[in-house]
Amino acid sequence: MIILDSGRVIDPANRIDGTRTVLIDGDHVREVREQAATPAEKLVHQVIDCRNRWVLPGLVDLHVHLREPGEEGKETIATGAHAAAAGGVTTLVAMPNTRPVCDSAAVARFVAARGREAGFARVVPAGAITRGSLGEQLADMAELKEAGCVCVTDDGRPVMSAGVMRRALEYASDLGLPVMVHAEDLTLSSGGAMNEGPVATRLGLPGVPAAAEVTMVQRDLLLAEMFGARLHVAHVSAAGSVRAIREAKERGVRVTAEATPHHLVLTDDAVAGGTPGSTGQPAAEPYDTHAKMSPPLRSESDRKAVVAALADGTIDAIATDHAPHGPLDKQVEFVQAANGVIGLETALALTLGLVRAGELPLTRALERLTAGPARCFALPYGTLTAGAPADVIVVDADREWKVDPQRFHSKSRNSPFTGWTLRGKVTKTFVAGKLVHEEGK
Ligand code: DOR
Ligand code: ZN
């Protein structure tokens, strides 16, 4: 047995926040108890002193782009999973916009097998909604489910045809698969490079209006309501989307949603080189392509609405949208640059920053990183309940560290938080009772 002795255990699923000792027996949690490790236990078991540490369920990240197969120069399943372990993420859902797209059992099985081989985290594949994610013909979702996919999504692009979306929702609903949507009306967004608004005007960059997201969220909520499917809205960025999801939930529509740490912490001002006033973090360069992603960073009132939605449960999960890109895609003119930022190794510390700033209560924030996302896709992770898989992290919550992507385990360096001083570092990560990452090693 491994005994994590006398840490501050926070397990939101079981409403635990206090000094506890966690017993890991093989691949599962045996018990979380108040009594510290006994002298007898110290003789026979591996006892890890967790005083002055937090002990949490491993994080569950519903939205991660690994670039394998196809773009292994940006990330492989192994490097992405290693970055996950370093960031405390023990389960990740791998997005299907690889080359080839994960629209067949062959690719889904390959991703899952490579994940198991790497061993750093549970790598769970997401399948495509449509073949090649082209938005035209439905993928064979039954086959994808059989191969282990926990949801379907064409993430990176929307399903523009409402008719195709309707059929997709019906098909997925028969299979009990949630449909994750990248809500973006391309007729409103195309040509845009950042959020439409005063900052874009000042910088002379073409804008993507919030309406590009909100109209598609509205459409998909309506279709999900009428055709009874489970909808999951990816990377919510706009206040209007929050309002629509909140109202739909009140009506009983089966919808869940996620937000990314970058949309929780940054605004479109970051494209002009600014950071929110209170963070005290270094400013970036204007036109920094590390502030470019899809959906784009929005206004301060959008950011506040997304944070509030996370606090009140309208948004269920924090998901990174970890999107590795190399210099060829990022060290170019802003309009030409690829969308996306990496996030696995900064998500926890950025979330704790929001807690310290008084924007989110601690247990709520941790719930949205663990049990909340697990609930969205009915995954058996994100909790320390006795008998649950032993995915556990040990965190030094006070440790200050400077973000230096050169030291990341990810193959890519495209973080908008380079140079920021964050607090909170994962010191140990266990997956199925196995130590997969140790700080400084
Ligand atoms: O910023 C993004 N990057 N948004 C997406 O939807 C896709 C992702 C990617 O694959 O790079
Ligand atoms: Zn997306």
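Residues numbered from 1 in each chain as written. Chains lettered and ligands numbered in written order. Predicted model: local features only at pLDDT ≥ 70, side-chain atom pairs only at ≥ 80, totals over all residues. Heavy atoms only, no water.

So, about the sheet that holds strand S15 (residues 317-318). Pairing in this open sheet of five strands is parallel, and the strands run S9-S10-S13-S14-S15 from one edge to the other. The two strands at the open ends of the sheet, each matched to only one other strand, are strand S9 (152-153) and S15. As paired strands, strand S10 (residues 179-181) and strand S13 (residues 231-233) are joined by three bridges and run parallel to one another. Across the sheet, residue Val-181 finds its bridge partner in S13, namely Val-233. Contacts from helix H9 (residues 239-251) reach S13 and strand S14 (255-259) within the one sheet, and its direction differs from that of S14 by about 150°. (Pairing = 2+ DSSP bridges. Helix = DSSP H or I, 4+ residues; strand = E, 2+ residues; numbered from the N terminus. Contact = heavy atoms within 4.5 Å. Axes fitted to C-alpha atoms, helices over the stretch in contact; angles between N-to-C directions.)

Before going further, it helps to spend a moment on the pattern of salt bridges. All chains considered together, the criterion is met by 28 salt bridges. One salt bridge connects Glu-34 with Arg-20, and the closest N-O pair in it is separated by 3.8 Å. Taken together, the residues Glu-34 in the loop between strand S3 (28-33) and helix H1 (39-44) and Arg-20 in strand S2 (residues 16-25) connect sequence positions 14 residues apart. The shortest N-O distance in the salt bridge between Glu-438 and Lys-428 comes to 3.7 Å. Here the residue Glu-438 occupies a position in strand S18 (residues 434-438), and Lys-428 occupies one in strand S17 (residues 421-431), the gap between them amounting to 10 residues. (Salt bridge = Lys/Arg side-chain N within 4 Å of Asp/Glu carboxyl O.)

Let's shift gears to the coordination of the zinc ion (ligand 2). Surrounding the zinc ion (ligand 2) are the protein donor atoms Asp-155 (OD), His-182 (ND1) and His-235 (NE2), at 1.9 to 2.3 Å. Around the zinc ion (ligand 2), the four donor atoms sit at angles spanning 82 to 127°, and that spread fits a shape best called irregular. When the donor residues of the zinc ion (ligand 2) are listed from N- to C-terminus, their spacing reads D-x26-H-x52-H. In this pair, Asp-155 sits in the loop between S9 and helix H5 (162-175) while His-182 sits in the loop between S10 and helix H6 (186-189), placing the two residues 27 residues apart along the sequence. Each of the two residues, Asp-155 as well as His-182, counts as buried. (Donors = N, O, S within 2.8 Å, 3.2 Å for Na, K, Ca; no water. Tetrahedral: all angles 85-135°; square planar, octahedral: opposite > 155°, others 65-115°. Buried < 20%, exposed > 50% of the residue type's maximum accessible area, 1.4 Å probe, protein only.)

Next up on the list: the sheet that holds strand S6 (residues 59-64). Strand pairing in a sheet relies on backbone hydrogen bonds. The paired strands run either parallel or antiparallel. Judged by pairing direction, the sheet is parallel, and its three strands sit side by side in the order S6-S7-S8 without closing on themselves. In this open sheet, the two strands that pair with only one neighbour each are S6 and strand S8 (122-125). Averaged over all pairs of adjacent strands, the angle between their axes in this sheet comes to 20°, without regard to strand direction. Where S6 and strand S7 (residues 89-94) come together, four bridges link them in parallel fashion. Its bridge partner lying in S7, Val-60 is registered against Thr-91. Against the sheet, helix H2 (residues 77-87) touches S6, S7 and S8, its axis set at about 140° to S7.

Now for the site of ligand 1. Lining the immediate environment of ligand 1, one finds 14 residues, of which Arg-67, Asn-97, His-182, Ser-294 and His-325 sit closest. Within the side chain of His-65, an N or O atom sits 3.4 Å from an oxygen atom of ligand 1. Between Ser-294 and ligand 1, the recorded distance is 2.8 Å, taken from a backbone N or O atom to a nitrogen atom. Taken by itself ligand 1 offers 290 Å² of open surface, and the protein chains cover 93% of this. Each residue belonging to the shell around ligand 1 can be placed in one class, and the counts come to two nonpolar, nine polar and three charged. (Near = heavy atom within 4 Å. Polar contact = N/O pair within 3.5 Å; in protein donor to acceptor, adjacent residues only side chain to side chain. Areas by Shrake-Rupley, 256 points an atom, 1.4 Å probe, with all protein chains shown as cover. Nonpolar A, V, L, I, M, F, W, Y, C, P; charged D, E, K, R; others polar.)

Turning to the pairing of S6, a few remarks are in order. Burial within S6 is extensive, with six of its six residues counted as buried. Taking the sense of rotation as the criterion, the β-α-β connection linking S6, H2 and S7 turns out right-handed. (Right-handed = clockwise from strand over helix to strand, strands pointing away.)

We now examine the packing of aromatic side chains. On inspection of all chains with the given rule, the structure shows one aromatic pair. For the ring pair Phe-417 and Trp-420, a centre distance of 4.9 Å and an interplane angle of 80° mean the geometry is edge-to-face. The class of Phe-417 is buried, set by a relative accessible area of 2%. Over the ring of Phe-334 we find Lys-292; its NZ or CZ atom is 5.7 Å from the centre of that ring. (Phe/Tyr/Trp six-rings, centres within 6.5 Å; stacked < 30°, edge-to-face > 60°. Lys NZ or Arg CZ within 6 Å of the ring centre and 35° of its normal.)

Where helix H8 (residues 211-227) contacts H9, the axes come no closer than 8 Å and their chain directions differ by 15°. Put simply, H8 runs roughly parallel to H9. Between H8 and H9 lies a crossing whose hand is right-handed. Contacts between H8 and H9 involve Glu-213, Val-214, Val-217, Gln-218, Leu-221 and Glu-225 from the first element and Gly-240, Ser-241, Ala-244, Ile-245, Ala-248 and Arg-251 from the second. The class makeup of the residues in the contact of H8 with H9 is six nonpolar, three polar and three charged. (Parallel < 35°, antiparallel > 145°, perpendicular 65-115°, else oblique. Left-handed = near helix turned anticlockwise from the far one by under 90°.)

Here the focus is the environment of Glu-285. Structurally, Glu-285 is set in the loop between helix H10 (261-265) and helix H11 (300-312). Residues contacting Glu-285, with those up to four places away along its chain left out, are Val-271 and Gly-273.

Time to look at the pairing of S7. The buried fraction of S7 is high, at six of six residues. Alignment of S7 against S8, held across four bridges, turns out to be parallel. Bridged to Leu-92 within S8 is Val-123.

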